[in-house]
Amino acid sequence: MNNFVFSNSTKAYFGRGCVGENLPAELSKYGDTVMLAYGGGSIKKNGIYDEVTAILEKAGKKVVEFSGIMSNPTYAKVLEGGELVKKHGVGLILGVGGGSVMDCCKAVSMAAVYEGDLWNDFWANIGVVDFTPTPVGFIVTSSGTGSECDGGAVITNEETMVKCGHDYHECNARFAMLDPTYTYSVPMKQVLAGSFDTLSHIMECYFSPPDEDNISDDIAEALMKSVIRDLRIAAEKPDNYVARSNLMWASTLGEYRLMKIGKSLDFQCHYMEHQLGAYTDCSHGEGLAVLHPVYYRHLYKHGLSKFVRFAENVWGIPRGDMTDEQLAAAGVEALARFVAEIGLPTTLSEMGITDREMLKKAAYSCAISKGAYKKLSFEEIYEIFLEAI
Ligand code: NZQ
Ligand code: ZN
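First things first, this report covers the structure right here in the doc.

Cut-offs and rules
- Residues numbered from 1 in each chain as written.
- Chains lettered and ligands numbered in written order.
- Predicted model: local features only at pLDDT ≥ 70, side-chain atom pairs only at ≥ 80, totals over all residues.
- Heavy atoms only, no water.
- Helix = DSSP H or I, 4+ residues; strand = E, 2+ residues; numbered from the N terminus.
- Buried < 20%, exposed > 50% of the residue type's maximum accessible area, 1.4 Å probe, protein only.
- Donors = N, O, S within 2.8 Å, 3.2 Å for Na, K, Ca; no water.
- Salt bridge = Lys/Arg side-chain N within 4 Å of Asp/Glu carboxyl O.

With an omega of 0°, the peptide bond running from Pro209 to Pro210 counts as cis. Of note in this structure, Arg257 is not a glycine but carries a positive phi near 75°. With respect to the element layout, Arg257 can be found in the loop between α9 (241-254) and α10 (268-280). Among the residues examined, Arg257 registers a relative accessible area of 8% and is labelled buried. The backbone of Phe267 sits at a positive phi, close to 65°, despite the residue not being glycine. Position of Phe267 among the secondary structure elements: in the loop between α9 and α10.

Right under this line is the structure:
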């Protein structure tokens, strides 16, 4: 196993009723003014807004609302939030939502404190966070990204047409509250997309060196099997608490840095999807579902032993008289069939993405992974996009 440093500072509260039970005590730690950050309004329809504002009121907090955080949050929105925090002397940013809200809040927590060129110093380049971002806490309403317990904030810069993010430990939320029943109102399309995102995070770690036996890969196989099992159950029975709670916690673990321990990490598929997102504003999880099988058809021969393990241990495919290459390819096709089976899109066309010129620009502006089994060229990324149409 490679050398590693592991830490994760976010305190997670999990389970039915965890917000009512624990939010008052957490609120008492962070001053008088709370910024309540949320997205396009789903929390007003499903009752979560009323529940949280009642707790804030009872705790005597002055509340500053920061609403309208969009899916694929923009840098302009981050700067807007940063100004609000400064103007009102906010002591806690309370993000209530999915990955987009949480990411935006973490970026806002930096924007509120940092005086320099935030984008250039922390997104375009990897920076050193030598200041304390405004404290952030999360109430998760939609799972998949694992943003609640990592330090990443994936932001779209609409001027440069780049979507990216880096995991800054200093940006981890102080606490995250995960009540699986809060996710019941998420549309099934988003449940599927979010859960595929979780699967993707695990695969992005698993399909990278080293290939010798290591605990990260062992945990990854167990977690991938859980996500596949629970997603099948949730797709049939959306209010199955066991499946929904497993999916929610798998989502957290997928980005908890646990699966990354000792691994060189791929994340090429994420880089490709992020650029698709920058150009088309598409759903992150759906983009990943389309791209992963296509990407892995390009990759499996370069990481053959791991792809063979994937076929046998995750999909339970018997070797029979197959060669390693045939077995590895069968594992990739099992993944492709699973995407179709649960009802995720299998082509970019199904997502309304067909513009080849745009795809070329997205491909040629894509980040290239240094930890993947194979280093892709821009041409090959473009080929993958074209094959995915
Ligand atoms: O905006 P509202 O009205 O809240 O509606 C949202 C949104 O339309 C809705 N939703 C959320 N909770 C709901 C609900 N609808 C009904 N009931 C609820 N309880 O779901 C829709 C999608 O939400 P969004 O937050 O955009 O989706 P997701 O959680 O998939 O987050 C995607 C973003 O996270 C980034 C992605 O790139 C993308 O920008 N990622 C962040 C990562 C990280 N921080 O580590 C890692 C990921 O790889 C990913 O890149
Ligand atoms: Zn993701």
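Let's shift gears to the coordination of the zinc ion (ligand 2). Reference values for coordination geometry: four tetrahedral donors around a metal ideally subtend 109.5 degrees, six octahedral donors ideally subtend 90 or 180 degrees. Of the protein atoms, only Asp197 (OD), His201 (NE2), His270 (NE2) and His284 (NE2) coordinate the zinc ion (ligand 2), at distances of 2.0 to 2.2 Å. In the primary sequence, the donor residues of the zinc ion (ligand 2) line up as D-x3-H-x68-H-x13-H. Here Asp197 is found in helix α7 (residues 188-206), whereas its partner His270 is found in helix α10, with 73 residues between them in sequence. For the pair Asp197 and His270, one class covers both residues: buried.

Tallying each qualifying case throughout the model produces 18 salt bridges. Here Arg257 makes a salt bridge to Asp167, at a shortest N to O gap of 2.7 Å. A residue pair is termed long-range when its members are at least 10 positions apart, and Arg257 in the loop between α9 and α10 and Asp167 in the loop between β7 (162-164) and β8 (175-178) qualify at 90 residues. We note a salt bridge from Asp217 to Lys306, for which the minimum N-O separation is 3.0 Å.

Spatial relationships are all this shows, so hold off on functional conclusions.
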